[in-house]
Amino acid sequence: MNEEPSAGPDAFEAERRYLGAVAYRLLGTVTDAEDVLQDAWLRWRGTDRSAVADPRAFLTTVVTRLCYDHLGSARARRESYVGEWLPEPRLTDEDRPARLAEFGQSVSFAVLALMERLTPAERTAFVLHDLFAVGFEEIAGALDRSPAAVRQLASRARRRLRAEGRRGRIAPDEHRAAVRAFTEAAAGGDLGALLAVLDPQVVWHSDGGGVVSASMRPVYGADKVARLVLGLVERFITPDVAVATVSVDGEPGLAWSVGGQVRGVLAFTVVDGRIREAYAVVNPEKLAHLV
């Protein structure tokens, strides 16, 4: 039997970006997603590809099972993590939404962070079905569960995310305006202007991983967050630090670097024109993939 061209040796490369998007949303880290893709590639090489009718479906199942196994061990490791654990940020191109849509519905950094509170099964069902439109029967095969059980997992994940504050994305211009106002107020040391752009119930999250200095727990309230931000700017934003507006997982955020090396990324949730949550990732191990 001749091997179908779609299942040939180049099929994996044709699906690599899609598979990487699946793995990243399932795991929350770029480095772990890359490790999973390497394992998936090795399994693909050892597969009788002449028997594979749909390479994307087959590879999605392989990647899903690898990620699901990884999520179980990752949860135990993250329980002993120093400080708050946040996903690894991706710097994306917000001006090319159609290209991003090719690789599943995009989600904000905030939603990625909230997904850490789901069980591995809930996260897998939600990501595959809601973000990548994978059918429940296919997901059930990957998880060794019934389609009805997988449907319930996805429904429970949606309810939990809504309860935790998941919201639809606001207009990009409104989000960008809030980030710009925050940046100008912080750079100018203007406490009043900073308080004006922060929601009274704002929460500041930070992840230093015990490697660099960062708040060990979330900081709550506009006054505390504003004073924290001004203190950080005064201490760390020196003349050799370059601060730039970037797109973090498809939404406006900030990144600062020294000598071309990213030292921190800041993502935001904006509600009614004000910053409701801020996520500062400064753990260098989570920034190593950024250039």
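Coordinates for the structure precede this section.
Our subject in this report is the structure included herewith.

So, how was this worked out
- Residues numbered from 1 in each chain as written.
- Predicted model: local features only at pLDDT ≥ 70, side-chain atom pairs only at ≥ 80, totals over all residues.
- Heavy atoms only, no water.
- Patch = residues over 30% accessible without salt bridge, like charges linked within 9 Å, V, L, I, M, F, W, Y side chains within 5 Å.
- Areas by Shrake-Rupley, 256 points an atom, 1.4 Å probe, with all protein chains shown as cover.
- Salt bridge = Lys/Arg side-chain N within 4 Å of Asp/Glu carboxyl O.
- Helix = DSSP H or I, 4+ residues; strand = E, 2+ residues; numbered from the N terminus.
- Buried < 20%, exposed > 50% of the residue type's maximum accessible area, 1.4 Å probe, protein only.
- Contact = heavy atoms within 4.5 Å.
- Core = buried A, V, L, I, M, F, W, Y, C linked by side-chain atoms within 4.5 Å.
- 1 Å grid on protein atoms, 1.4 Å probe; cavity = no way out; pocket = protein on both sides within 12 Å on 5 of 7 lines; lining within 4 Å.
- Points joined across faces, edges and corners; volume = space filled by probe spheres on them.
- Nonpolar A, V, L, I, M, F, W, Y, C, P; charged D, E, K, R; others polar.
- Expected span 1.5 Å × (residues − 1).
- Bend = angle between axes of the 7 residues up to and from the residue.

1. Side note on a nonpolar patch on the surface
Thinking step 1. A grouping of Phe236, Ile237 and Val243 is seen on the molecular surface, where their side chains present a nonpolar patch of about 240 Å² in accessible area.
Thinking step 2. Its location among the elements puts Val243 in strand S3 (residues 241–248).

2. So, the environment of Glu285
Thinking step 1. Among the structural elements, Glu285 can be located in the segment after strand S6 (274–281).
Thinking step 2. Owing to a relative accessible area of 56%, Glu285 belongs among the exposed residues under this scheme.
Thinking step 3. The contact partners of Glu285, leaving out residues within four places of it in the chain, are Glu88 and Val211.

3. Concerning the nonpolar core
Thinking step 1. By size, the foremost hydrophobic cluster in this structure holds 46 residues, and its most contacted members are Val63, Met115 and Phe132.
Thinking step 2. Those elements that place two or more of their residues in this core are helix H1 (11–27), helix H2 (30–45), helix H3 (55–79), helix H5 (109–114), helix H6 (120–131), helix H7 (136–143) and helix H8 (147–163).
Thinking step 3. Take this core: its biggest share by element is 10 residues, from H1.
Thinking step 4. Those residues within four positions of Met115 in sequence are excluded, and the remaining contacts are Arg25, Arg123, Phe126, Val127 and Leu161.
Thinking step 5. In this structure, Val179, Trp204, Val219 and Ala226 belong to the second largest nonpolar core, which totals 23 residues.

4. A closer look at the layout of surface pockets
Thinking step 1. Empty space within the largest pocket amounts to approximately 800 Å³.
Thinking step 2. What lines the largest pocket is a set of 32 residues, and nearest its centre among them are Leu232, Phe236, Ile237, Trp256 and Val282.
Thinking step 3. Those elements that place two or more of their residues in the lining of the largest pocket are helix H9 (172–188), strand S1 (198–207), helix H11 (222–236), S3, strand S4 (251–258) and strand S5 (261–271).
Thinking step 4. Of the residues in the lining of the largest pocket, the class split is 24 nonpolar, six polar and two charged.

5. Considering the pattern of salt bridges
Thinking step 1. Per the counting criterion, the structure on display carries 11 salt bridges.
Thinking step 2. With a closest N to O distance of 3.2 Å, Arg276 and Asp199 form a salt bridge. With Arg276 in strand S6 and Asp199 in strand S1, this residue pair connects regions lying 77 residues apart in the sequence. Like Arg276, the residue Asp199 is buried in the burial classification.
Thinking step 3. When salt bridges with common partners are traced through the structure, they connect Glu122, Arg156 and Arg160 into a single cluster.

6. A look at H1
Residues spaced three or four apart along an α-helix face the same direction, because each turn holds 3.6 residues.
Thinking step 1. Relative to the 24 Å expected for 17 residues at 1.5 Å per residue, H1 spans 23 Å between its end C-alpha atoms, a close match to the ideal helical length.
Thinking step 2. By the largest-angle criterion, Arg17 marks the main kink of H1, which is about 45 degrees.
Thinking step 3. The element H1 is largely enclosed, with a buried count of 13 among its 17 residues.
Thinking step 4. Positioned one or two residues after H1, Gly28 has a phi angle of 80 degrees, which is positive.

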